[in-house]
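Coordinate analysis (summary)
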Amino acid sequence: MKFFITCLFLTLLIPLLSKAQSNYKPGYIIKLDGDTARGFIDYRGWSKNPRRISFRSNAADNATVNQFTVHDINGFGVNGLQLYERDAVTVSTDEVEMANIRQGIDTGKVADTVFLQVLTTGKNVALYSYTDQVKTRYYILYQGVKVPRELVYHVYLNPDNASEVKTDYRFKRQLIYISRLYQKENSSLESRIDGSSYSETDILPIINTINGVKGSRPAQQKLSGTRWFAGAGVSYEDMNFTGNQFPPSSVLSPKIDAGFDLIPNKTTQRYFLRIEASFTEASHSFSDPQDANGSSATIKFSYNTVSLAPQVVYNFYNTDNFKVFMAAGALLNFSSYGQHQYTIYFHNIPQAEPDGDLSFLNFWAAFYGKAGILIHKHIELYADYIPTTTLTDNFNPFAGKVSLFQTGLNYIF
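What comes next concerns the included structure. Note that this is a predicted model, so its numbers are computed, not measured.

Cut-offs and rules
- Residues numbered from 1 in each chain as written.
- Predicted model: local features only at pLDDT ≥ 70, side-chain atom pairs only at ≥ 80, totals over all residues.
- Heavy atoms only, no water.
- Core = buried A, V, L, I, M, F, W, Y, C linked by side-chain atoms within 4.5 Å.
- Buried < 20%, exposed > 50% of the residue type's maximum accessible area, 1.4 Å probe, protein only.
- Helix = DSSP H or I, 4+ residues; strand = E, 2+ residues; numbered from the N terminus.
- Pairing = 2+ DSSP bridges.
- Salt bridge = Lys/Arg side-chain N within 4 Å of Asp/Glu carboxyl O.
- Axes fitted to C-alpha atoms, helices over the stretch in contact; angles between N-to-C directions.
- Parallel < 35°, antiparallel > 145°, perpendicular 65-115°, else oblique.
- Left-handed = near helix turned anticlockwise from the far one by under 90°.
- Contact = heavy atoms within 4.5 Å.
- Nonpolar A, V, L, I, M, F, W, Y, C, P; charged D, E, K, R; others polar.

Ranked by internal contacts, the top residues of the largest apolar core, which has 21 residues, are Met239, Phe241, Phe286, Ile299, Phe301, Leu391 and Val402. At the level of elements, β13 (225-242), β15 (271-288), β16 (295-318), β20 (363-375) and β22 (399-412) are the ones that each hand at least two residues to this core. Residue contributions to this core peak at five residues, all from β16.

All right, on to the pairing of strand β11 (residues 154-158) then. The element β11 is largely enclosed, with a buried count of five among its five residues. Here β11 runs beside strand β12 (residues 161-168); their pairing, made up of five bridges, is antiparallel. Within the sheet, the bridge partner assigned to Asn158 lies in β12 and is Asn161. Hairpin remark: β11 followed by β12, antiparallel, with two residues in the connecting loop.

Next up on the list: the pattern of salt bridges. Going through the model one piece at a time under the given rule, you end up with 13 salt bridges. With a shortest N-O distance of 2.7 Å, Arg180 and Glu190 are connected by a salt bridge. Here Arg180, found in helix α2 (residues 170-182), pairs with Glu190, found in helix α3 (residues 187-194); they are 10 residues apart in sequence, far enough to count as distant. Looking at Glu190, the relative accessible area reads 13%, which means it is buried. Its salt-bridge partner being Asp261, residue Arg227 comes within 2.8 Å of it at the nearest N-O pair. Residue Arg227 is located in strand β13, and its partner Asp261 is located in strand β14 (residues 249-263); the two are separated by 34 residues in the primary sequence. Exposure remark for Arg227: the relative accessible area of 12% places this residue in the buried category. Judged by relative accessible area, which is 0%, Asp261 ranks as buried. Three or more residues are tied together by salt bridges with common partners; here these are Arg227, Asp261, Arg274 and Glu380.

Another point: the packing of α3 against helix α4 (residues 200-210). At a closest axis distance of 10 Å, the pairing of α3 and α4 adopts a crossing angle of 160 degrees. Considering the angle they form, α3 stands roughly antiparallel to α4. Where α3 crosses over α4, the handedness of that crossing is left-handed. Residues Leu189, Arg192 and Ile193 of α3 lie in contact with α4, whose contacting residues are Pro205, Ile206, Thr209 and Ile210. Class assignment for the residues of the contact of α3 with α4 results in five nonpolar, one polar and one charged.

Here we have 10 strands laid out as an open sheet, ordered β4-β3-β2-β1-β5-β6-β7-β8-β9-β10, and antiparallel in their pairing. Of all the strands in the sheet, the pair left with one neighbour each is β4 (66-69) and β10 (149-150). Two strands pair when backbone bridges link them, and strand β8 (residues 125-131) and strand β9 (residues 136-142) are joined in this way by seven bridges, in the antiparallel orientation. Counterpart to Ala126 in the pairing with β9 is Leu141. Strands in contact with α2 are β8, β9 and β10; relative to β9, the strand with the most contacts, it is inclined by about 20 degrees.

Dropping the structure here:
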């Protein structure tokens, strides 16, 4: 069984080595001459601003793919998701993470041409962001300024006292200055600026207020989402009792399951949280051989289990129509047992069933792993493995232990 599981997992992972993954979404590029070319962009759900993108003119898998950098285009957009604009800007180089900050303020910066993400545009001010391996920075463009300017924010250790952390909130003074360019004294807005943090959550509403409207942020669809699934399969269950001569018992039983996925980014679907509920039933029978004194024993029982399985799922191979995933999580099991028998025989003649020796757990938990594939967005094939877990409570002098291998098919709604 372990060999079979290993082969299955390796088979599922073969596509990881076959070709590079892609995730083409409708979008466009803005050429250096200002013309727009529509097509499909390989959308990566960028956590850092990209310096290169892949573009093709149509959705066909065999369509020619062109690579564009900041030197080749003025910008690009992925419809309903993100918009980027090429700009030659200055980029601050100091760290802001506490583990990396230095003693004394570091105002170092470099000139670079980058793709700035457009967060909002308006009649007065536009807001952009730029994230690289160092940090996230925000930029603004307003009347009289030709290129976006960075909103300045520094964190550093006091040069006279290395245990004291100091913060330069210069971006607040910049925002107050800009707000006064377009609005007369606005004490409530300036108070909001004074209490703001260096984050999109705080800065974006301020820019929208300066623009006098709720803002004209590029149209973006909601990235997070929920989806439901249901399916059926089979459960292969190995059980044995330690501390005795009972041979193991293995059974196949049906399984049904249903649940939902909480997806942080439904466009990329790289990872998500799954909550799964399932139902299984099983019956076991154990008989140990008669010993030299003519004694033997049997155990027979059946049980139904309702399981709740929170798990984290990661798509290692991730395209629109084919995905390979692995998951890990906890299995919380609630079991109910039918009438059970533990009978001792003497020369094949049944004796009275012992009292109090057979006690099964109504709740038991385990960790487990899963692997599978998703085909054409709806058909999911999976296999999971639950390692050996104790199922009995006070069953002395031996204990019942169970391990499970399950496989099945789900339909994603």
